[in-house]
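Structural features, examined
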Amino acid sequence: MADPFDLSTPSKRWLWKKDTLKEPTLLQSFAFDEVNQHLYVLQLRRGGGAAGDLFLNRLDYRGKRLGHMELRGFGHGVSIGVQHASDGTVWIWTEADAKDGYGCGVTRFRFVGGAVRTQEDVKVRHPIPGSTHNQPSVCMASRSIAVRHRVEGEPRYRVWDLDAFVARDYADPVADFPQTGAHPDPAIPFQGYALHGDRLYQLAGTAYDAKKNPPARRGNAYLSCLDSRTGELLDRQRTEAGHSLDHREPEGLAVRHAAGARLCLGLGSGAEGARRFSIYFKPGAA
């Protein structure tokens, strides 16, 4: 059960201080369409946090925006998944059915540049009835999907075979376990996760703050790794990636498989109203 990512390895810069998203707000999460070499990025619409209004951006691998969609009432955008179907269709998985700004379900849809989607335009799934804060992540290498969610306020993960999930067969998940180990301080906010085979990677941390998280200390962001079958905490490491950025708020994790596996970490920077994003990565084991 080899771990392809050594979390103690220094991160490398990939994209740096990009301002190409539809809105000058922070990125929330991102995922890769490796067949078409597209990068999908979710961000909150300005003033739309309480309603769960998002923009979905499609970028090329240089960070140039190729188009966007508006998603009204979907959620906070904590995670996103990309699925390649056998017929070549590319499906985007996000949270949906927002309540208090977070999705009570998940959905999938095709990207259509310039389109506006509401809950009435998509088929919302509720795989964990009564749960809140539903957030999907897809691993095409293992053909599996995870949904982070909350039950009575407590965060958990549930993992399914992707084909079974698409067929709406939720009765026999591969795994079901509580979230653990995201940060040494449980009060520090969770900022994203990515499913990768039998591993589940987590990100937690806050933006720079002169008193609580000063830039001189290079941030409080942590990456952690869980066994995606049992929930066991396998590793946790502080990351100083992008420590020279101003603001430096960790936002989103994704795995890229092509040309060598990479665990990619998103970082927001810039002043409010003029945010930028950067992406760093940790390479897989040689």
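Presented here is an overview of the structure given in this document.

Ordered in space as β1-β20-β19-β18, the four strands form an open sheet in which the pairing is antiparallel. Edge strands, defined here as strands with exactly one partner in the open sheet, are β1 (12–18) and β18 (249–256). Direction aside, neighbouring strands of the sheet carry axes that sit 20° apart on average. Sheet topology places β18 next to strand β19 (residues 262–269); six bridges connect them, and they run antiparallel. Residue pairing across strands places Pro 250 opposite Leu 267, the latter belonging to β19.

Counted by the stated rule, this structure contains 14 salt bridges. Here Asp 176 ties to Arg 156 by a salt bridge, and the two come within 3.1 Å at their closest N and O atoms. You can see Asp 176 sitting in strand β13 (residues 175–178) and its partner Arg 156 sitting in strand β12 (residues 154–161), a full 20 residues away along the chain. Through salt bridges with shared partners, a single ionic network connects Arg 45, Asp 53, Glu 70 and Arg 72.

This part covers the side chain of Thr 94. Along the chain, Thr 94 turns up in strand β7 (residues 90–99). Discounting residues that sit within four places of it in the chain, Thr 94 has contacts with Leu 42, Phe 74, Ile 80, Val 106, Thr 107, Phe 109 and Pro 136.

Looking now at the side chain of Gln 28. With respect to the secondary-structure elements, Gln 28 resides in strand β2 (residues 27–33). With a relative accessible area of 8%, Gln 28 lands in the buried category. In this structure the side chain of Gln 28 is engaged in a polar contact, spanning 3.4 Å, whose partner is the side chain of His 76. Discounting chain neighbours no more than four positions away, the residues touching Gln 28 are Leu 42, Gln 43, Leu 44, His 76, Gly 77, Val 78, Gln 191, Glu 251 and Gly 252.

Analysis parameters
- Residue numbers here run from 1 along each chain, matching the order of that chain's written sequence.
- Local features in a predicted model are, by the rule used here, given only for residues with pLDDT of at least 70; side-chain atom pairs are given and counted only at 80 or more, and totals for whole chains, interfaces and linings are based on all residues.
- Only hydrogens and water are set aside; all other atoms, that is, all heavy atoms of the structure, feed into the side-chain values.
- If DSSP finds at least two bridges between two strands, the strands pair.
- Where helices and strands are cited, they refer to DSSP runs of H or I of at least four residues and of E of at least two residues respectively, numbered from the N terminus.
- To get an axis, fit a line to the C-alpha atoms, keeping to the stretch in contact for a helix; angles then go from 0 to 180 degrees between the N-to-C directions.
- When a carboxyl oxygen of Asp or Glu lies within 4 Å of a side-chain nitrogen of Lys or Arg, that pair is called a salt bridge.
- The contact definition used throughout considers only heavy atoms, calling two residues in contact when any of these lie within 4.5 Å.
- Partly exposed describes any residue whose relative accessible area lies between the buried limit of under 20% and the exposed limit of over 50%, with all areas from a 1.4 Å probe on protein chains only and scaled to the type maximum.
- Distance and chemistry together define a polar contact, namely a pair of N or O atoms within 3.5 Å, with one atom able to donate a hydrogen and the other to accept it when in protein, and with adjacent residues in sequence counting only for side-chain atoms on both sides.

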